[in-house]
Structures are given as structure tokens and as C-alpha cells.
Amino acid sequence: MRKIKIQPPDSLAWQRWDKKCQKATQKNWAKVNRGEQPEFDGNLYKKYKDFFMDAAFHGKCGYCECPVKDFQHGDVEHFRPKAQVTKEKDEPIDHPGYHWLAYDWQNLLISCQKCNQISQRGKQKIGKGCRFPVLGIHAQTPETIAQEKPLLINPTSDLPEDLPSKHLAINADGTLQGLTDRGKTCIQVFGLNIREQLVSQRKIAYRESLLLQAALKSNSPEERDRAIQEIIAIKKGKEPYSIAQIEAVRALKALSKS
Ligand SMILES: [Zn+2]
């Protein structure tokens, strides 16, 4: 997981979509206020992909950084679940879901199916589903959201405390280390250390990053330039599993300061 910068585009298509989303949200408020169930139009919130799949997510899953664009359709994931909420081990709680965030672009992100949908791996459930563990109690209204303390991390959040690198670090074997309870909860919920392909791809990415760090010290200017360009792409979050290559970014930073 890496920080993903979301910049709403300055386009007519965006304004139209945003307006439709606001209308759909108001419609649901009216329903809820009449004691009815909210309804969700998947075709509407899935349009989020059109704006951000390439521009912000670089074709990758926001949680595990696997490439989704060319291999799957890519899910549009609700960070705060829209219709039902369960705890870390998927135990249901009495909460109607965060229906007013169903079309809120700040609550949406692109993810792979493994991270978004619940499946069973041995005795462990992996994938988010409706899981949304928090420290303390879940917010039930828009007014109390700011006090809520999610145990998962939204990589698109601009809050400094949500920066993924504060919570997760890479080990040389490709596994992730949870530096905080939130980092550990992400590893657990998304199965980040038990999905073998994910671990082995991160291990490869980590080794590549060691090679890039060595290339920065090369005597060949071409080799150094190539390494710098590759590290810049990693820094921008363009590369899959770039969390495993963070040391190469730091090495380039150190070099440019010296
Ligand atoms: Zn994923």
C-alpha cells in the first residue's frame, strides 16, 4: 500500500458525475428519513474508475498494489461500507452502513477482487467485504465521522496519520511488517502476507530495488540515468508493489541531497 494522490479532474464529465452522485445521495437520505432502505446504483459509483484508474491508481489495486487494469475489471471499493458493517473477523454489528458515502469519491477506491471480496484461505478470511474495524465505536452519522478511528487505512486519505508508510514496512522476504495496530489489521484483513503470489512479487520488487540502489553508484552515466528514471516512476507510485521499493526512493533522495 502506498499513498495515492486523488486530484478531481477539471472536466465537464467530472462535474456531471459529481452532480449525479450528490443527487443519488440526497435521494437515499430522503428514503432513510422515510424509514426505507437506501438503494445503490453500481453503474454510477463504478464510473469512478473512468476518472482515476490510470490517473491516480496507475492500473493498480489501492490496497495490495497488484496490477488490476489488464488482468481484471477492477472493483470500485467503498472504504466505509455502504450497506452493512462487520468487525475485523467479519462479525456483524448493528449498523446500517455509511449510505451517505456510497457515492462520495473520497470514500471510493479501486481494488482487486481479492482485497475487496471476502474469500476463505484455510482458517482465515481474506478480503474486506463489509469489514470495517475501528477503535472504539462506529460513527452512525456524518457529524461523528471525524471522531471515528478506523483500523484500516485508506491510501487515498490526505490525513498525515493515514500515510501507509507510517504503518507498513517491507521485509527482505517480501512479507510486510505491521508497524502499528492499523498496519497489522490491514495485513490481516487483506491477507497481505498469506497470498503467496503477492509475497513473491514483492520479493522480486524488493530485489530490483536493491539493484537500482547499486546502479545509482555505478560508474556508467547511462546506468545511473536509467536507475534514476526507474526510481522516479517508483516514487510516483507507478510500479506494482512499489512499497517494496521504497528504499530505492530514499537512496535517490539521499543522493540528491549529498
Ligand atoms: Zn488488492
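You'll find the structure just up there.
Residues numbered from 1 in each chain as written. Predicted model: local features only at pLDDT ≥ 70, side-chain atom pairs only at ≥ 80, totals over all residues. Heavy atoms only, no water.

**Details of the nonpolar core**
Formally: In this text, buried Ala, Val, Leu, Ile, Met, Phe, Trp, Tyr and Cys residues form a nonpolar core when linked through side-chain atoms within 4.5 Å. Between buried and exposed lies partly exposed: a residue is buried under 20% and exposed over 50% of the maximum accessible area for its type, with that area taken using a 1.4 Å probe on protein chains only. To qualify as a helix, a DSSP run of H or I must reach at least 4 residues; to qualify as a strand, a run of E must reach at least 2; elements of each kind are numbered from the N terminus. An automatic or database domain assignment supplies the start and end points of every domain. Contact definition: two residues touch when any of their heavy atoms are within 4.5 Å.
Counting residues in each nonpolar core, the largest one holds 54 residues, and the members touching the most others are Trp17, Tyr48, Phe57 and Phe190. Mapped onto this core, the elements with two or more residues apiece are α1 (12-33), α2 (42-45), α3 (48-52), β2 (108-111), β7 (168-170), α5 (181-190) and α6 (196-215). No fewer than three residues from each of domain 1 (12-151) and domain 2 (196-257) sit in this core. Excluding anything up to four places from it in sequence, tyrosine 48 contacts Ile6, Trp17, Phe57, Val76, Trp105, Leu108, Leu109 and Ile110. If you look at the next biggest cluster of nonpolar residues, it comprises nine residues, including Leu212, Ala215, Ile231 and Leu252.

**Concerning the coordination of the zinc ion**
This is how the line gets drawn: Distances decide who is a donor: an N, O or S atom must be within 2.8 Å of the metal, or within 3.2 Å for Na, K and Ca. Water is not included, so sites may look incomplete. Here a site with four donors is tetrahedral if all angles are between 85 and 135 degrees, and a site with four or six donors is square planar or octahedral if opposite donors are over 155 degrees apart and the other angles are between 65 and 115; anything else gets the irregular label.
Surrounding the zinc ion are the protein donor atoms Cys61 (SG), Cys64 (SG), Cys112 (SG) and Cys115 (SG), at 2.3 to 2.4 Å. With four donor atoms in place around the zinc ion and angles of 104 to 116° between them, the coordination shape is tetrahedral. Within one chain, the residues donating to the zinc ion are spaced in sequence as C-x2-C-x47-C-x2-C. Within this pair, whereas cysteine 64 is found in the loop between α3 and β1 (75-78), its partner cysteine 115 is found in helix α4 (residues 113-116), the two being separated by 51 residues in sequence. Classification of cysteine 115 as buried rests on a relative accessible area of 0%.

Geometry only, nothing functional implied.
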